[in-house]
Amino acid sequence: MAAADRTTGRSAGRSADRSALTMARMLGGMGALHFLAPKPFDAIVPRALPGSPRTWTYASGAAELAVAAAVALPRTRRAGALAAAGLFAAVFPANIKMARDWRHRPAPLRAIAYGRLPLQLPMVAWALHTARTARPAPGTPRP
């Protein structure tokens with residue numbers, strides 16, 4: 001392999017690592033917020049879900065923390081990123097509920113609630129890209 005190819009490959013690997021670590025930090029921060037300030041999350045739990053909204057808030061916070069850890073570690077990054085894609089899709093109903101509940105709020109708040117909806121698709125795409133570009137752990141065959 002030529003020196004330029006090795007450099008480009010390393011650069012792409014570092015970029016993928018930075019992207020994955022950014023995702024892990026984002027997931028970890030949001031997961032922690034579920035425990036530190038649960039009320040806003042309780043409010044967007046769809047009513048159709050059984051049980052207490054607080055239980056769902058804590059469960060989704062724990063899921064975000066677990067997925068963050070998996071994405072952060074190179075050995076589990078691929079599986080963690082796939083789980084992140086699933087998690088981003090799974091929370092979409094809560095974003096819909098938030099947009100519906102906030103439809104009569106002032107325009108800036110409505111913009112936040114509505115703006116979250118189309119952002120889910122790039123988040124899922126980001127997670128899938130992270131899974132595709134994850135380097136396998138040493139000694140692990142690539143699927």
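Residues numbered from 1 in each chain as written. Predicted model: local features only at pLDDT ≥ 70, side-chain atom pairs only at ≥ 80, totals over all residues. Heavy atoms only, no water.

Colleague: Is there a simple way to think about the overall build of the chain in this case?
Modeller: When you go through the chain residue by residue, the secondary structure sums to 6 helices and 0 strands. Each helix and strand of the chain, placed in order from N terminus to C terminus, yields the pattern α-α-α-α-α-α. Out of the 143 residues belonging to the chain, those deemed buried represent 30%. Put simply, the chain shows about 8,700 Å² of open surface, and 69% of that area lies on carbon and sulfur atoms. (Helix = DSSP H or I, 4+ residues; strand = E, 2+ residues; numbered from the N terminus. Buried < 20%, exposed > 50% of the residue type's maximum accessible area, 1.4 Å probe, protein only. Areas by Shrake-Rupley, 256 points an atom, 1.4 Å probe, with all protein chains shown as cover.)

Colleague: Just to check I follow, could you spell out the environment of Arg78 for this structure?
Modeller: Structurally, the position occupied by Arg78 is in helix α4 (residues 77–90). Once the C-alpha coordinates of Arg78 and Arg132 are considered, the two residues, 54 residues apart in sequence, prove to be 7.1 Å apart.

Colleague: Got a minute to help me understand the packing of helix α3 (residues 53–72) against α4 in this structure?
Modeller: Axis angle and axis distance: for two packed helices, these are the angle between their axes and the distance between the axes, and together they describe the pair. At a minimum axis distance of 7 Å, the contact between α3 and α4 shows a crossing angle of 145°. You can see that α3 and α4 cross each other, and the crossing is left-handed. In this structure, α3 contributes Ala63, Glu64, Val67, Ala70, Val71 and Ala72 to the contact, and α4 contributes Arg77, Gly80, Ala81, Ala83, Ala84 and Leu87. Looking at side-chain class alone, the contact of α3 with α4 contains 9 nonpolar, 1 polar and 2 charged residues. (Axes fitted to C-alpha atoms, helices over the stretch in contact; angles between N-to-C directions. Left-handed = near helix turned anticlockwise from the far one by under 90°. Contact = heavy atoms within 4.5 Å. Nonpolar A, V, L, I, M, F, W, Y, C, P; charged D, E, K, R; others polar.)

Colleague: What is the right way to read the packing of aromatic side chains from this model?
Modeller: The relative placement of two aromatic rings is captured by the distance of their centres and the angle of their planes. For the structure shown, the criterion picks out 1 aromatic pair. Judged by centre distance (5.2 Å) and plane angle (5°), the ring pair of Phe35 and Tyr58 falls under stacked. One end of the pair, Phe35, is in helix α1 (residues 3–36); the other, Tyr58, is in helix α3, with 23 residues separating them in the sequence. (Phe/Tyr/Trp six-rings, centres within 6.5 Å; stacked < 30°, edge-to-face > 60°.)

Colleague: Would you mind showing me how to read α3 here?
Modeller: Note that an α-helix has 3.6 residues per turn; residues three or four places apart therefore point the same way. Between the first and last C-alpha of α3 there are 28 Å, a value that for 20 residues agrees with the 28 Å anticipated at 1.5 Å per step. Capping of α3 at its N-terminal end is provided by Ser52; its side-chain oxygen lies 3.1 Å from the backbone amide nitrogen of Arg54. (Expected span 1.5 Å × (residues − 1). Polar contact = N/O pair within 3.5 Å; in protein donor to acceptor, adjacent residues only side chain to side chain.)

Colleague: Help me understand the pattern of salt bridges, please; the structure alone is not making it clear to me.
Modeller: For side chains bearing opposite charge, pairing can occur when the charged atoms are close. With the rule as written, the count across this model stands at 3 salt bridges. Residue Asp17 is joined to Arg77 by a salt bridge in which the shortest nitrogen-to-oxygen separation is 2.8 Å. Separated by 60 residues along the polypeptide, Asp17 in helix α1 and Arg77 in helix α4 bring together distant segments of the chain. Owing to a relative accessible area of 22%, Asp17 belongs among the partly exposed residues under this scheme. Linking Asp42 and Arg54 is a salt bridge whose minimum nitrogen-to-oxygen distance equals 2.6 Å. (Salt bridge = Lys/Arg side-chain N within 4 Å of Asp/Glu carboxyl O.)

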